[in-house]
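Observations on the three-dimensional arrangement
Spelled out from the first residue to the last, the chains are:
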Amino acid sequence: GAGVSQSPSNKVTEKGKDVELRCDPISGHTALYWYRQRLGQGLEFLIYFQGNSAPDKSGLPSDRFSAERTGESVSTLTIQRTQQEDSAVYLCASSPVGTGGISRNIQYFGAGTRLSVL
Amino acid sequence: DAKTTQPTSMDCAEGRAANLPCNHSTISGNEYVYWYRQIHSQGPQYIIHGLKNNETNEMASLIITEDRKSSTLILPHATLRDTAVYYCIADTNFGNEKLTFGTGTRLTIIP
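Now for a description of the structure that goes with this document. Predicted model, so just to flag it, every value in this text is computed and none were measured. (Residues numbered from 1 in each chain as written. Chains lettered and ligands numbered in written order. Predicted model: local features only at pLDDT ≥ 70, side-chain atom pairs only at ≥ 80, totals over all residues. Heavy atoms only, no water.)

Taken as a whole and judged by the stated rule, the model has two disulfides over all chains. Across the disulfide from Cys 23 of chain A sits Cys 92 of chain A; the S-S distance is 1.9 Å. With the S-S bond torsion at -65°, the cross-link from Cys 23 of chain A to Cys 92 of chain A turns out left-handed. Of this pair, Cys 23 of chain A sits in strand S3 (residues 19-24) while Cys 92 of chain A sits in strand S9 (residues 88-95), and the two are 69 residues apart along the sequence. The two residues Cys 23 of chain A and Cys 92 of chain A agree in class, both being buried. Each sulfur of the disulfide joining Cys 22 of chain B and Cys 88 of chain B lies 2.1 Å from the other. Every disulfide takes its handedness from the sign of the S-S torsion; for Cys 22 of chain B and Cys 88 of chain B that torsion is -80°, giving left-handed. On the criterion of sequence distance, the pair formed by Cys 22 of chain B in strand S2 (residues 18-23) and Cys 88 of chain B in strand S8 (residues 84-91) is long-range, its members being 66 residues apart. (Disulfide = S-S within 2.5 Å. Helix = DSSP H or I, 4+ residues; strand = E, 2+ residues; numbered from the N terminus. Buried < 20%, exposed > 50% of the residue type's maximum accessible area, 1.4 Å probe, protein only.)

This is the structure in structure tokens:
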């Protein structure tokens with residue numbers, strides 16, 4: 001079946017502009033995660049959704065970052081007034097079990113959106 | 001989440017077994033060991049996980065020491081497509097829901 005889909009695959013924007021990144025999780029997956037990966041570095045957790053609620057927003061770096069999810073499907077990550085330090089690959093993942101169960105940590109990742117802020 | 005320690009990089013000859021070590025000396029009894037890998041320009045890919053027993057699937061084998069303080073991921077016949085960064089993660093199945101990725105091991109398969 002289809003995997004996690006992210007769009008756009010690449011986004012170039014000017015400093016100060018707003019951007020929206022989209023994630024379509026695997027159908028039926030209740031949990032959805034956003035991560036950020038700067039060039040040459042590891043993954044930083046941003047936010048986690050269980051259904052359309054976000055019990056863990058601890059990784060959002062500032063109030064310029066927000067995310068929402070419609071039901072148990074698509075999610076959008078919005079970055080307002082982009083800064084050059086926001087340049088990174090933004091990765092989305094989904095998993096079939098949001099709470100409990102050993103499969104919770106089996107996360108399926110999309111290919112990411114590469115954001116470049118000029 | 002328990003801290004994990006992995007070598008920064010490793011090389012392995014094509015066709016040979018690649019053995020990737022991971023130390024997790026502070027792992028707690030309810031934490032599993034998960035392995036993911038990230039091929040260049042792709043998102044991470046789940047490989048395997050285990051609690052106490054050794055595990056094997058179509059991708060790899062996972063050997064966990066009896067005291068659970070370390071583990072080894074084994075790719076039995078490495079191919080050039082196995083060149084990637086490999087991440088070892090120790091995590092429970094309740095509470096904190098995020099995965100904590102460290103810096104991983106950059107495995108290069110040599111032709």
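So, next bit.
This paragraph deals with the nonpolar core. With 22 residues, the main nonpolar core has Trp 35, Leu 73, Tyr 86 and Leu 107 of chain B as its most contacted residues. When residues of this core are traced back to their parent elements, those giving at least two are S2, strand S3 (32-38), strand S4 (45-50), strand S6 (61-64), strand S7 (70-75), S8 and strand S9 (105-110) of chain B. In terms of residue count, the dominant contributor to this core is S8 of chain B (four residues). One finds Ala 31, Tyr 35 and Leu 91 of chain A together with Tyr 34 of chain B within the second-largest nonpolar core, a separate group that totals 20 residues. (Core = buried A, V, L, I, M, F, W, Y, C linked by side-chain atoms within 4.5 Å.)

A word on unusual backbone geometry. Residue and element names in this part refer to chain A. The omega torsion of the bond from Ser 7 to Pro 8 falls at -10°, within 30 degrees of zero and hence cis. Of note, Pro 8 is situated in the loop between strand S1 (5-7) and strand S2 (10-13). Positive phi, normally seen in glycine, also occurs at Arg 81, with a value near 50°. Residue position: Arg 81 is located in the loop between strand S8 (75-79) and S9. A relative accessible area of 41% places Arg 81 in the partly exposed class.

Interpretation note: all reported values are geometric properties and have no functional meaning in isolation.
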